[in-house]
Structure formats: structure tokens, C-alpha cells
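Notes for the structure review
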Protein chains: 2
Amino acid sequence: MEKPAAPRAVVFDAYGTLFDVYSVGLLAEQLFPGKGDALAVLWRDKQIEYTRLVSMSGRYKPFWDLTRAGLRFAAERLKLNLTSQAEDRLMNQYRHLSAFPENIEVLRELKSRGIPTAILSNGDPEMLAVAVKSAGFTELLDHVLSVDAVRKYKTDPAAYALAPQALKLSAKQILFVSSNGWDAIGATWHGFTTLWVNRHGLPLERLDTEPTRIGTSLRDVLSFF
Amino acid sequence: MEKPAAPRAVVFDAYGTLFDVYSVGLLAEQLFPGKGDALAVLWRDKQIEYTRLVSMSGRYKPFWDLTRAGLRFAAERLKLNLTSQAEDRLMNQYRHLSAFPENIEVLRELKSRGIPTAILSNGDPEMLAVAVKSAGFTELLDHVLSVDAVRKYKTDPAAYALAPQALKLSAKQILFVSSNGWDAIGATWHGFTTLWVNRHGLPLERLDTEPTRIGTSLRDVLSFF
């Protein structure tokens, strides 16, 4: 069997993949002792659910607004008294999420090999700009692509189409990397070479599709080269 | 203020609204003691998540298949040993969900008043036919509409459009009834008069939209007439 050609560029999902969305759990736990994890998980679930509902219905709203809406729902559902001060602190934390520790060396390695890199994210441009800058990724990424440009969230084909368009490559020539199983599958459906970075040891989504490879950290990106 | 005209027809969501999707929890608890509720909830969440992922991606699969896929994922996620026998029993239970007890009298009352009624559901036609028959609703419904006809799940506009088309009424003239908050909001977005039957006392989804009314049982349908 012929060895498949190495990808010509790498596109990363942002939230969950480069930036640790559950890192807000620490602050959440300070604010709501014993409920921090539950809040972080439900917040994330609702945020993602809302992206899908508005996208399917042709009612796009920016990710920042849906993130806040998800937080408010999650707090109410868990019967937590979310003051506006607590809300602002959590949202501010979300704006400055930690990056996973191995990421910067992987981005540097790709840069040193001359491989173009990009983010393709549900995040809106302002959120992404702050997160990329905070993490020190500015010089390491060639494109920061937000679905805001097409007002459709992943897994809509219009969202994924932004990457081949910006990189002037076919989807197959691009390695799409996500820690969100559904996102890795969505990208596979839309023709990308894919890596699912399964950071939390989750089962594969049962959607009759497998990512090209499954790994456990961003370092597994380098196995494609 | 002028009293709004009464709706000219009533369209019901099926799963969660007419049929109790958590009624599978009892069998799940027998099969997996101490884990039945967790399984029922995660199964339902995954089933719905999968409808959205395939619909957004133009990869429609029938609800029955996604229901089975959701069950398999949920069992694996919870580290339950789902034998094929247990899977078949749970799927068979899903095919014969209990109807909420007040539903039949409400459908009879609408029938006696000559108000056209329909189901508009994510369920595929075969699942719906069995559920409607088991519950004794056959003579009480004028239409049983499945999104399978358009291969798009709610909240896609094409799914909701099936009701005005079948009933030959505008969306506004139709009362759309759902116990799923996101479905009641989706229908509101698409122009229906809506009732959210909030059976579980959940917070309203934070999507800047309110259903026309919020109730607690299907009997609240009759308040519109």
C-alpha cells in the first residue's frame, strides 16, 4: 500500500483543542464550592448546543453571546446564584483560557518545518484574537479563521470550507486537528485528513465515521510528518 | 388589546411531549442497577445531539438508527456492558414508550371540538406508527408528520415547514406544542404559536425567544381555545 502523502498544512480547532475550556472549572469551584465541575461541564454543553440550534435555524449569534447565554442557563439549571460580578469573572476567565502545555512546542516545530498552520474555530474573531495573544501563539499561526465569516457553526459545511479556501489547498491536503470528537468527525465528513486528540479518553462518537487517526495529545500531530 | 384569534390546528412534538422518553429508565435500571437514570439521560442527549450533527452536515440518518447509536455511545461512556440482548430490549422499549397520562383526554377534547391535530416529529415514520398505535392515538390524529420526508431534523426550517404545508394553514395559525424547550423555541422562530409544556420545571433556554405560553401538562393546550 502506498504511504499517503503528508498533509500540506495543519488546521486546529481552538476551544478544547488548543485552549482548555475546563480550566474555568477552578474559578467556578472557588465561586460555587462543590459545583465547579458541574457548572463547567453544563456551561460547555449548553454553549455548544446553542451554536447548533442557532446555526440550524438560520439565527446566528456570535460565540461570545452564546457562551454567556450558556453560562446563565447552566447556573440557573444548577440553582446557583450567579451575580453579575461572578458572571463577569467567569466570562473574563473564558476569554483567557489556559493553553494545553504541549501546544506551543508543537506549533513551533511545525513553524520550523515551514508547514502552514491555522485555527478554524466557532469562536468569534475578538475572542480568538485575545486567546491567541494570551497564549503567545501570534507568530506561530498563519491564519485565525472564525466561522463568524459565514455565520454558520461547525458542523455546517460552510464553516469547514473556510480552511481550504484560506489555505488554497484541498480539504484532503489539510490535517484538521480537534479534541472534540464530533468536530473531528464533522471534518472527516467534509473531506479533511483528521486527528482526534482524545484528551479525556472518551468513546468514539457512534456516527459510522472514524477520524484518520486518534491521539492523546497535540504531539500526535507530528506523527503525520 | 385585541384577543388573539384561537389557533386553527394543534401540532404536537412526539418524543418527550406525547411519549415519555424517560420511561425507558425503569428497564434501564433493571438492567444496570444504580445507572438507569444516567443511561436514560445520556442516551436521550446523544440521540438529540446526533440528529443535529447529521442534519447540519447534510448526512441525514433515520431517527431509529441514531437512537441506537446514542444508546451504544451512552452505554460505552458509562462503562456498561451492553449485550446485544440488553440493547434489543431497550430499543424495543423505546419503540413502545408510555404516553403521558393526560394526553388522550386532551386529544379527545380537540377531536370533539373539530380542531385538526398532527404530530411533527424527528421520529421516522415506522417508529411513529408503532408509538401512535400503541398509545391508542390513531383515530385522534389527522396527520403524523416525520422529518424523514425532508431529511432534516428540527430545528431546521425545512422540518417545521412540513406542518403548515400539510395543514394548509400559516405557521401562526397553528399551535405547536412541545415539552422540549429548544423545540418550542425553534417553532417560535419559525412563526408558530407555541406552547412549551415544561414537565420537568427546567429553566427557559437562553436564546432571547419565549414561547407564546408555558405550561406544565398537555392540558394547557386547551387554554388556547
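See the structure shown above.
Bear in mind the structure is a predicted one, so any value in this text is a computation, not a measurement.

1. Comments concerning helix 5 (residues 103-112) of chain B
Owing to its 3.6 residues per turn, the α-helix brings residues three or four apart onto one side. All names here are of chain B. Among the residues of helix 5, Asn103, Val106, Leu107 and Leu110 are the ones counted as buried. Projected onto a plane normal to the axis of helix 5, the buried residues spread over an arc of 100 degrees and lie on a single side. Turned more than 90 degrees away from the buried face of helix 5, the exposed residues are Arg108 and Ser112. The positive-phi residue at the C-terminal boundary of helix 5 is glycine 114, with phi of around 75 degrees.

2. Quick notes on the nonpolar core
Counting 124 residues, the largest nonpolar core has Tyr15(A), Phe19(A), Val221(A), Tyr15(B), Phe19(B) and Val221(B) as the members making the most contacts within it. Other than its neighbours up to four places away in sequence, Val221(A) contacts Val10(A), Phe12(A), Val106(A), Leu110(A), Leu175(A), Val177(A) and Leu195(A).

3. Quick look at the sheet that holds strand 2 (residues 117-121) of chain B
Residues and elements named next belong to chain B. Strand order in the open sheet made by the 6 strands is 3-2-1-4-5-6, with parallel pairing throughout. A strand with exactly one partner marks an edge of an open sheet, and here the two such strands are strand 3 (143-146) and strand 6 (213-215). The average undirected angle you get between the axes of adjacent strands in this sheet is 25 degrees. The sheet contact formed by strand 5 (residues 193-197) and strand 6 spans 3 bridges and is parallel. For leucine 195, the partnering residue across the bridge sits in strand 6 and is arginine 213.

4. What to know about the packing of aromatic side chains
Summed over the entire model, instances satisfying the criterion amount to 20 aromatic pairs over all chains. Their ring planes at 35 degrees and their centres at 5.5 Å tell us that Tyr15(A) and Phe63(A) sit as a pair that is tilted. Of this pair, Tyr15(A) sits in the loop between strand 1 (9-12) and helix 1 (24-31) while Phe63(A) sits in helix 3 (residues 63-77); the two residues are 48 residues apart in sequence, bridging distant segments of the chain. The same class applies to Tyr15(A) and to Phe63(A), which are both buried. By way of ring pairs, the aromatic residues Tyr15(A), Phe19(A), Trp43(A), Tyr60(A), Phe63(A), Tyr94(A), Phe137(A) and Tyr153(A) are connected into one cluster. The ring of Trp182(A) carries the charged tip of Arg52(A) above its face, separated from the ring centre by 4.5 Å. Looking at Arg95(B), its charged tip hangs above the ring of Trp64(B), at a distance of 4.1 Å from the centre.

5. A closer look at the sheet that holds strand 6 (residues 213-215) of chain A
Residues and elements named next belong to chain A. Taken in spatial order, the 6 strands line up as 3-2-1-4-5-6 in an open sheet, and their pairing is parallel. One side of each edge strand has no neighbouring strand; the edge strands of this open sheet are strand 3 (143-146) and strand 6. Across the sheet, the mean angle from the axis of one strand to that of its neighbour is 25 degrees, orientation sign disregarded. With 4 bridges connecting them, strand 2 (residues 117-121) and strand 3 associate as parallel partners. If you follow leucine 120 over to strand 3, its bridge partner there is leucine 145.

So, how was this worked out
Residue numbering note: each chain is counted from 1, following its sequence as written. Chains and ligands are labelled by the order in which they are written, letters from A for the one and numbers from 1 for the other. It should be noted that, the model being predicted, local features are given only for residues of pLDDT at least 70 and side-chain atom pairs only at 80 or more, the latter also being counted only at that level, while totals for whole chains, interfaces and linings use all residues. As a rule here, side-chain values cover all heavy atoms of the structure and leave hydrogens and water aside. Here's how the labels work: a residue is buried when its accessible area is under 20% of the maximum for its type, exposed when over 50%, partly exposed in between, all with a 1.4 Å probe on protein chains only. Elements are defined by DSSP. Helices are runs of H or I of four residues or more, strands are runs of E of two residues or more, and each kind is numbered from the N terminus. What the arc measures is the spread of directions leading from the helix axis to the C-beta atoms. Grouping buried Ala, Val, Leu, Ile, Met, Phe, Trp, Tyr and Cys residues that are joined through side-chain atoms within 4.5 Å yields what is termed a nonpolar core. Contacts between residues were defined by any pair of non-hydrogen atoms, one from each residue, lying within 4.5 Å. Paired strands, as defined in this entry, are two strands with at least two bridges between them according to DSSP. Lines fitted to the C-alpha atoms define the axes, with helices restricted to the stretch that makes contact. Angles between their N-to-C directions range from 0 to 180 degrees. By convention, a stacked pair of Phe, Tyr or Trp rings (six-membered ring in the case of Trp) has centres within 6.5 Å and planes under 30 degrees apart, an edge-to-face pair has planes over 60 apart, and any other such pair is tilted. Working rule: Lys NZ or Arg CZ, within 6 Å of ring centre, within 35 degrees of ring normal, means a charge sits over the ring.

Worth remembering: the numbers are spatial, not functional.
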